[in-house]
Amino acid sequence: MQLRITTYNIHKGVSSFGSRPRIHALKQAINSMKSDVLFLQEVQGRHDLHALKHATDWPELSQQDFLAGDSHECAYGMNAVYDHGHHGNALLSCYPILSSRNQNISDHKYESRGILHCVVRAPEAEVHCFVIHLGLFAGSRKRQTEALIEAVTSSAQKDEPLIIAGDFNDWSNDLSEELRARLGVHEVYDENLVKRGFGTYIRQLAGRGPKIQPARTFPAAMPFLRLDRIYVRGFKVESAEVLHGAIWAKLSDHAPLVATLRLK
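Just so you know, the residues in each chain are numbered from 1, in the order the chain's sequence is written. Since the coordinates come from a predicted model, pLDDT governs what is reported: local features require at least 70, and pairs of side-chain atoms require 80 or more to be given and counted, while whole-chain, interface and lining totals use all residues. Processing note: side-chain calculations cover all non-hydrogen atoms of the structure and skip hydrogens and water entirely.

*Asks:* I tried to follow the overall build of the chain on my own but got confused; where do I start?
*Replies:* Secondary structure summary: the chain contains eight helices and 12 strands in total. Here the globule rule is a power law, 2.2 Å times the number of residues to the power 0.38, and the radius of gyration is based on C-alpha atoms. Relative to its length of 264 residues, the chain is compact, with a C-alpha radius of gyration of 18 Å against a globular reference of 18 Å. The principal-axis extent of the C-alpha atoms belonging to the chain is close to 60 × 35 × 35 Å. Relative accessible area decides the class of each residue, using a 1.4 Å probe on protein chains only: under 20% of the type maximum gives buried, over 50% gives exposed, and in between gives partly exposed. Per-residue burial over the chain gives 55% buried out of 264 residues. In the chain, of all internal contacts separated by at least 6 residues, the share reaching a separation of at least 24 is 69%. For the accessible areas, the method is Shrake-Rupley and the probe is 1.4 Å, while residue cover comes only from the protein chains on display. When the accessible surface of the chain is split by element, carbon and sulfur atoms take 52% of a total near 12,200 Å². By the criteria applied, helices consist of DSSP H or I runs no shorter than four residues and strands consist of E runs no shorter than two, each listed in order from the N terminus. By definition, residues are in contact when any of their heavy atoms lie within 4.5 Å.

*Asks:* Please explain the pairing of strand β4 (residues 85–93) as it appears in this structure.
*Replies:* Each regular strand displays side chains that alternate between the two surfaces of the sheet. A large share of β4 lies buried, amounting to nine of its nine residues. By definition, two strands form a pair when at least two bridges between them are found by DSSP. In this sheet, β4 lies alongside strand β2 (residues 37–47) in antiparallel orientation, the contact comprising eight bridges. Bridging across to β4, H47 finds its partner in G85. Connecting the antiparallel pair strand β3 (residues 73–82) and β4 is a turn made up of two residues.

*Asks:* Looking at this structure, I do not really get the packing of helix α4 (residues 138–155) against helix α5 (residues 176–183). What am I missing?
*Replies:* If you want to describe how two helices pack, look at the angle between their axes and the distance between the axes. Between α4 and α5, the least distance of the axes is 11 Å, while the angle of their chain directions is 20°. Relative to α5, the element α4 is oriented roughly parallel. Handedness of the α4/α5 crossing: right-handed. Across from K142, T145, E146, L148, I149, V152 and T153 in α4, the residues of α5 making contact are E178, L179, R182 and L183. Residue polarity is assigned by list, with Asp, Glu, Lys and Arg as charged and Ala, Val, Leu, Ile, Met, Phe, Trp, Tyr, Cys and Pro as nonpolar; anything else, Gly included, falls into the polar class. Residues of the contact of α4 with α5, tallied by class, amount to five nonpolar, two polar and four charged. Axis lines are fitted through C-alpha atoms, for helices just across the contact stretch, and the angle between N-to-C directions can take any value from 0 to 180 degrees. An angle counts as roughly parallel when it lies under 35 degrees, as roughly antiparallel when it exceeds 145, as roughly perpendicular when it falls between 65 and 115, and as oblique in every other case. Note: crossing handedness is left-handed where the near helix turns anticlockwise from the far helix by less than a right angle, and right-handed where it turns clockwise.

*Asks:* Explanation requested: the sheet that holds strand β10 (residues 228–233) in the structure shown.
*Replies:* Within a sheet, adjacent strands bond to each other through the backbone by hydrogen bonds, running parallel or antiparallel. Across the sheet, which stays open at both edges, the six strands sit in the order β5-β6-β7-β8-β10-β9 with mixed pairing between neighbours. Bordering the open sheet on either side are β5 (97–104) and β9 (186–187), each of which pairs with just one other strand. Packing against the sheet, α4 makes contact with β5, β6 (114–121), β7 (126–133) and β8 (162–167), and its axis sits at approximately 165° to β7.

*Asks:* Would you mind going over α4 with me for this structure?
*Replies:* Note that an α-helix has 3.6 residues per turn; residues three or four places apart therefore point the same way. To estimate how far a helix should reach, multiply one less than its number of residues by 1.5 Å. The terminal C-alpha atoms of α4 lie 26 Å apart, and with 18 residues this matches the ideal 26 Å at 1.5 Å per residue to within 8%. Here α4 has its buried residues at S140, R141, Q144, T145, A147, L148, I149, A151 and V152. In this fold, the buried residues of α4 make contact with β5, β6, β7, β8 and α5.

*Asks:* Sorry, what's going on with the sheet that holds β4 here?
*Replies:* The strand order across the open sheet formed by six strands is β3-β4-β2-β1-β12-β11, and the pairing between neighbours is mixed. Every interior strand has two partners, whereas the edge strands, β3 and β11 (235–242), have only one. For this sheet, the mean angle separating the axes of adjacent strands, direction not counted, is 25°. Sitting on the sheet, helix α1 (residues 23–33) is in contact with β1 (2–9) and β2, with an inclination near 155° to β1.

*Asks:* Please clarify how the pattern of salt bridges should be interpreted in this entry.
*Replies:* Two side chains with opposite charge may pair up if their charged atoms get near one another. What makes a salt bridge here is a side-chain nitrogen of Lys or Arg within 4 Å of a carboxyl oxygen of Asp or Glu, nothing more. As enumerated under the stated definition, the model contains nine salt bridges in all. Between E111 and R113 there is a salt bridge, with the nearest N and O atoms lying 2.9 Å from each other. The exposure class of E111 is buried, given its relative accessible area of 8%. Salt bridges linked by common partners bring E146, E178 and R182 together as one network.

*Asks:* When you look at the side chain of R229 in this model, what are you seeing that I'm missing?
*Replies:* Turning to its location among the elements, R229 is positioned in strand β10. Within 3.5 Å is the distance limit for a polar contact, defined as a pair of N or O atoms, with the added protein rule that one can donate a hydrogen and the other accept it, and that residues adjacent in sequence qualify only through two side-chain atoms. A polar side-chain atom of R229 sits 3.1 Å from a polar atom in the side chain of Y231. Leaving out residues up to four positions away in the same chain, R229 has contacts with T7, I164, A165, G166, F168, D170, W171, N173, S176, E187, P214 and L257.

*Asks:* Can you help me understand a nonpolar patch on the surface in this one?
*Replies:* Taken together, the side chains of L136, F137 and W171 present a nonpolar region at the surface, about 320 Å² in accessible area. Its location among the elements puts W171 in the loop between β8 and α5. To count toward a patch, a residue needs a relative accessible area over 30% and no salt bridge; like charges are then connected within 9 Å, while nonpolar side chains (Val, Leu, Ile, Met, Phe, Trp, Tyr) are connected within 5 Å.

*Asks:* How should the environment of A156 be read in this particular structure?
*Replies:* Of note, A156 is situated in the loop between α4 and β8. With 31 residues separating them along the chain, A156 and E187 place their C-alpha atoms 18 Å apart.

*Asks:* Even after reading the chapter, I still don't get the nonpolar core, so can you show me in this structure?
*Replies:* In globular proteins that are soluble, nonpolar side chains generally tend to be buried together. We define a nonpolar core as any set of buried Ala, Val, Leu, Ile, Met, Phe, Trp, Tyr and Cys residues linked to one another through side-chain atoms lying within 4.5 Å. Counting 33 residues, the largest nonpolar core has L91 and I163 as its most contacted members. Secondary structure elements with two or more residues in this core: β1, β2, β6, β7, β8, β10, β11 and β12 (257–263). Looking at which element gives the most residues to this core, the answer is β12, with four residues.

Quick look at the structure:
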């Protein structure tokens, strides 16, 4: 079984400057990826002010339903709520979503964060999918990672395939080792070391080899910071790439990370 997946922070469907609607162009871009499952962050479930101001360019549907269209099912986890609307994480899947649960992991009142956990019935297995968007402060990210580990261990058996993807805001890459050690996952860009040879991989694990680094995904025009991740268990990574450049920079401040996985 092969899965093509994407994680993408869509910046609420508006431009980084001026908050001009980009949701229709985003839908075209998402369709062009031909991904089976998409892990989306900063999805605008409702925004009355944008809907009023940009009546001709703002869809009547929620962004998750609009982006899903007829080709995907969707699940939405509402995190930030305000007078004129709300936003959160979403999962879009071309396969049936059997269940979904949103867990509030907000660490303080200034940032609303959540874990959206869905079980997807793929052709050869049920896959646990976790959509995540961690906080801007290191202490918050550490505590939210502990909540993520607890959520995974309490809901998915060790032999069940899973995917954890999203915007980790972990530019210093402090969280990966904890996730690898306690959940048995690997990040899709870890495969770059394996391809250099098993000895290189072993030396890295022993602290004597090149450092494992996730992909650079922010800002989209010229990615420098390593913010977005895809961690997997029970899958072999066949390919992974960041889609960036001038076209993608118009759609969001993050570049999408796309990977092709094969069930082990």
